[in-house]
Amino acid sequence: MSSEIVLTLPDGSERSVPAGTTPLEVARAIGPRLAADAVGAALDGAPVDLRTPLGRSGAFRLYTAKSPEAGDFIRHSAEHVLADAVTRLWPEALYDAGRKDHSEKFQYDFRFARAFTPEDLAAIEAKMREILAEDSTFERLEVTRDEAERIFRELGNDLKLERLKDIPAGETITLYRHGRFLDLCRGPHAQRVSQIGAIRLLEASGVYFKGDERNERLQRIYGTAFGSARELEAYDRALEEARARDHRRLGPELDLWSFSPLAPASPFFHPKGAAVYNGLIGYVRELNARHGYGEVVTPQILDVELWHTSGHWANYRENMFFTELDERQYAVKPMNCPTHCLIYQTGKRSYRDLPIRYADFGRLHRYERSGVTSGLTRVRSFAQDDAHVFCTDDQVEAEVMRAVGIILDIYRTFEFRDVAIGVGTRPDKRVGSDEQWEVAEAGLCRALDTNGLAYTVNAGDGAFYGPKIDFRVSDAIGRQWQLGTVQLDYQLPQRFELEYVAADGSFRRPVMIHRAMLGSVERFLGILIEHTAGALPFWLAPVQAKVLPLSERFLAYGGEVAARLGEAGLRVEVDVSNEKLGYKIRQAQLAKIPYMLVVGEKELQAGAAAVRTRGGEDLGPIPLAELTRRLVDQAARRAAALPAAGEVG
RNA sequence: GCCGGCAUAGCUCAGGGGUAGAGCAACCGCCUUGUAAGCGGUAGGUCCUCGGUUCGAUUCCGAGUGCCGGCUCCA
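Residues numbered from 1 in each chain as written. Chains lettered and ligands numbered in written order. Predicted model: local features only at pLDDT ≥ 70, side-chain atom pairs only at ≥ 80, totals over all residues. Heavy atoms only, no water.

## A word on the protein's contact with RNA strand B
Phase 1 of the analysis: Lining the immediate environment of RNA strand B, one finds 56 residues, of which Arg-217, Ser-370, Gln-482, Asn-578 and Arg-586 sit closest.
Phase 2 of the analysis: Backbone atoms, meaning sugar plus phosphate, form 48% of the atoms of RNA strand B positioned within 4 Å of the protein.
Phase 3 of the analysis: In this structure, a sugar or linking oxygen belonging to RNA strand B sits 2.9 Å away from a side-chain N or O atom of Glu-203.
Phase 4 of the analysis: Separating a base nitrogen of RNA strand B from a backbone N or O atom of Gly-206 is a distance of 3.4 Å.
Phase 5 of the analysis: Broken down by secondary-structure element, the contributors of at least two residues to the surface near RNA strand B are β11 (198-208), β12 (217-226), β21 (381-391), β25 (480-489), α18 (581-590), α19 (601-606) and β32 (608-613). (Near = heavy atom within 4 Å. Polar contact = N/O pair within 3.5 Å; in protein donor to acceptor, adjacent residues only side chain to side chain. Helix = DSSP H or I, 4+ residues; strand = E, 2+ residues; numbered from the N terminus.)

## Concerning empty space enclosed by the protein
Phase 1 of the analysis: This structure, assessed with the given rule, holds one cavity of 30 Å³ or more.
Phase 2 of the analysis: Of the voids in this model, the largest cavity is the one considered here, and its volume is about 30 Å³.
Phase 3 of the analysis: Per element, the largest residue contribution to the lining of the largest cavity is three residues, and it comes from helix α14 (residues 434-450). (1 Å grid on protein atoms, 1.4 Å probe; cavity = no way out; pocket = protein on both sides within 12 Å on 5 of 7 lines; lining within 4 Å. Points joined across faces, edges and corners; volume = space filled by probe spheres on them.)

## Considering the sheet that holds strand β29 (residues 545-549)
Phase 1 of the analysis: Strands sit in the order β30-β29-β31-β32-β33 across an open sheet of five strands; the sheet is mixed. The two strands at the open ends of the sheet, each matched to only one other strand, are β30 (572-574) and β33 (618-623). For this sheet, the mean inter-axis angle between neighbouring strands, taken without regard to orientation, is 25°.
Phase 2 of the analysis: The strands that helix α20 (residues 624-637) touches are β31 (595-599), β32 and β33; relative to β33, the one it contacts most, it runs at about 115°. (Pairing = 2+ DSSP bridges. Axes fitted to C-alpha atoms, helices over the stretch in contact; angles between N-to-C directions. Contact = heavy atoms within 4.5 Å.)

## Side note on the layout of surface pockets
Phase 1 of the analysis: Size it by volume and the largest pocket reaches roughly 1,200 Å³.
Phase 2 of the analysis: Tyr-316, Met-335, Arg-366, Lys-468 and Gln-482 are, among the 41 residues lining the largest pocket, the residues nearest its centre.
Phase 3 of the analysis: For the lining of the largest pocket, the element with the most residues is β25, which contributes six residues.
Phase 4 of the analysis: Tallied by class, residues from the lining of the largest pocket come to 13 nonpolar, 15 polar and 13 charged.
Phase 5 of the analysis: Of the pockets and cavities examined, the second largest pocket occupies roughly 750 Å³.
Phase 6 of the analysis: Taken together, 30 residues line the second largest pocket, and the ones lying closest to its centre are Ala-97, Gly-98, Leu-184, Cys-185 and Arg-186.
Phase 7 of the analysis: Secondary structure elements with two or more residues in the lining of the second largest pocket: α3 (70-89), β6 (94-100), β7 (105-111), α6 (158-166), β9 (173-178) and β10 (181-184). (Nonpolar A, V, L, I, M, F, W, Y, C, P; charged D, E, K, R; others polar.)

## Things to note about the domain arrangement of chain A
Phase 1 of the analysis: Parsing chain A into structural domains produces domain 1 (4-64), domain 2 (70-241), domain 3 (253-532) and domain 4 (545-647).
Phase 2 of the analysis: Here domain 2 and domain 4 have C-alpha centroids that lie 57 Å from each other. (Domains from an automatic or database assignment.)

## A word on the sheet that holds strand β18 (residues 328-332)
Phase 1 of the analysis: Taken together, three strands build an open sheet; the order of strands is β16-β18-β17 and the sheet is antiparallel. The sheet is open, and its two edges are formed by β16 (301-303) and β17 (321-325), each paired on a single side. Between one strand axis and the next, the sheet turns through 35° on average, direction left out of account.
Phase 2 of the analysis: In terms of strand pairing, β17 meets β18 through five bridges, oriented antiparallel. Looking across to β18, one finds that Phe-321 is bridged to Val-332.

## Some points on unusual backbone geometry
Phase 1 of the analysis: The peptide bond linking Leu-354 to Pro-355 adopts the cis configuration, its omega dihedral lying at -5°.
Phase 2 of the analysis: Here Pro-355 is to be found in the loop between α12 (337-344) and β19 (356-360).
Phase 3 of the analysis: Despite not being glycine, Ala-533 has its phi angle at roughly 55°, a positive value.
Phase 4 of the analysis: Tracing the backbone through its elements, the reader meets Ala-533 in the loop between α16 (521-532) and β29.
Phase 5 of the analysis: Backbone geometry at Arg-638 places phi at a positive 50°, although glycine is not the residue there.

## Things to note about the environment of Glu-216
Phase 1 of the analysis: With respect to the helices and strands, the residue Glu-216 is situated in the loop between β11 and β12.
Phase 2 of the analysis: Judged by relative accessible area, Glu-216 falls into the partly exposed class, the value being 33%.
Phase 3 of the analysis: Along the sequence, Glu-216 and Arg-111 sit 105 residues apart, while their C-alpha atoms lie 8.9 Å from each other.
Phase 4 of the analysis: Discounting residues that sit within four places of it in the chain, Glu-216 has contacts with Arg-111, Leu-159, Val-207, Tyr-208 and Phe-209.
Phase 5 of the analysis: In terms of polar contacts, Glu-216 uses its side chain to reach the side chain of Arg-111, at 2.8 Å. (Buried < 20%, exposed > 50% of the residue type's maximum accessible area, 1.4 Å probe, protein only.)

If you want it as structure tokens, here you go:
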């Protein structure tokens, strides 16, 4: 009764096979060589295990160890080899579950009496290599729930029994076996363990069972695996590149900022770092002015009464710093919004006044749990390019889109191409009714939909006072960070009893929109440094040009050149060291300074400077007046490259 | 907050129960320099902090602090 299905191969040819045929059988039909080399398959782009019966027609592909897509099959298989190795070394270790994320890493969790040491990892890795050499074949077994339960009960693995309960009724339960090792697993896996060409265990860590803090603690081992040693080497090179771009290393190295143990997770910006910091804020100030946001300055420390009103006391207290004086309790602000509500309250507002837009670069302090802070991306002291818009219901969509538009503009300026947009919906800990949340969530989605922007919905990811749109970009090692955010808030206006007089004379409640574009200035700077590997855009660079006198004889002229450019508002330094030109160039290059201005006899005579870019390009001598014009123009336009002589004016 | 690792000169790191070393940087001198490291010299340390073991601790043990990799949580 088997019906036929049609598989379309990558070369466009079609193959008709009985439904229930496995990819491996298809491979055998195509050729013995391919059958031997196959690691996995895909139907319409979705990975399929070689032993899974095919149930429908579609675009069919086979992967060998050479295909980049084979990595997922290989790493998934490496998880089982890891669990096998640990179990062989310590039979009492209970294996929970493995996982491979979308990176090149895989992991497996164990119930184990102690933490795994680096020596343990070395022993496990050696055992894994032994297992690879055994070259067993992966087998796929479909079992009933009862059979699966019986098997894991016999193995004494209650973690697996717990996992089994999480599999929805009706779903096919599969086990995979290689050698004598058996695991509850959805697959897909490679054909044979020997197809895992290269493995490395990376680190161990304690984790919670099923990721829940209330559950027991397990021991996790991370590793990576590839089809070939060459791919592992490429992975190492990528890691090295990421390390070279790490802002935590580049920032102090470029003398931008430092940290002190006396103020954990709170950056100290040095003059160069502050120049960049203020450059970012200056850019946002321009945009704020252009879009009708009025900047305000508000206090740092406010009576806790305010935080009771705002709901922060109930929902955000564990992240706040407190202080007491004259028997009065104060809190250091973690957000600006309540202070903006106080400003709103100072006058009677009419619908004609709305929208009112307050921007604020106030310093914020949040007590972040130790262990979660990192570099500039997660700190305890920071500023946001914050703003709050008070508007009518009718104005919400336009105001949301205004903010989204500016955000996308900013990311374009900095050439962030991979921006992911997410909509965060109601979290467990929240204020307000479900109806209010309903309206707010739908409003955000509609604003994105009508503008054709793609986004993912992150359930439970909203702020406690309202849903949010967030904008995320990746750092050098692929970690995603939230930068900009637009949040709707129906709660604070209510808590602060904000109102405006409507056209009909009635009192109405405004809607509040929170928005940040860079997000936190600190985090943005950290990500930007990784994005640019420290070579900041010309307009932001702390030192925009360095004058390199060829010898001591040209120091005076070098000083003149720097002074001339400095008067035009550019940040220029002179290298007064007693070194050869090559050395000076190297120093400027390592400092990632956009332009090097070499001055020697020829330049002195011509009233010029020979320009070399940090990209290594030699632009030759350019007369000072012209150079000044072109550099000033490049900075003003926030352009990536020096405009040609004719373009300036 | 939890699990693990690390902490030696400004930076990168070596060393080791008997009060410490390299390279780079800094400083001084020679050279007067043409597009990524010229040569020589000098100076620089509470070996994170506190406690314990020891005749003696920077080294071994414990606690604390900070940082790093994860978990949980977030801009």
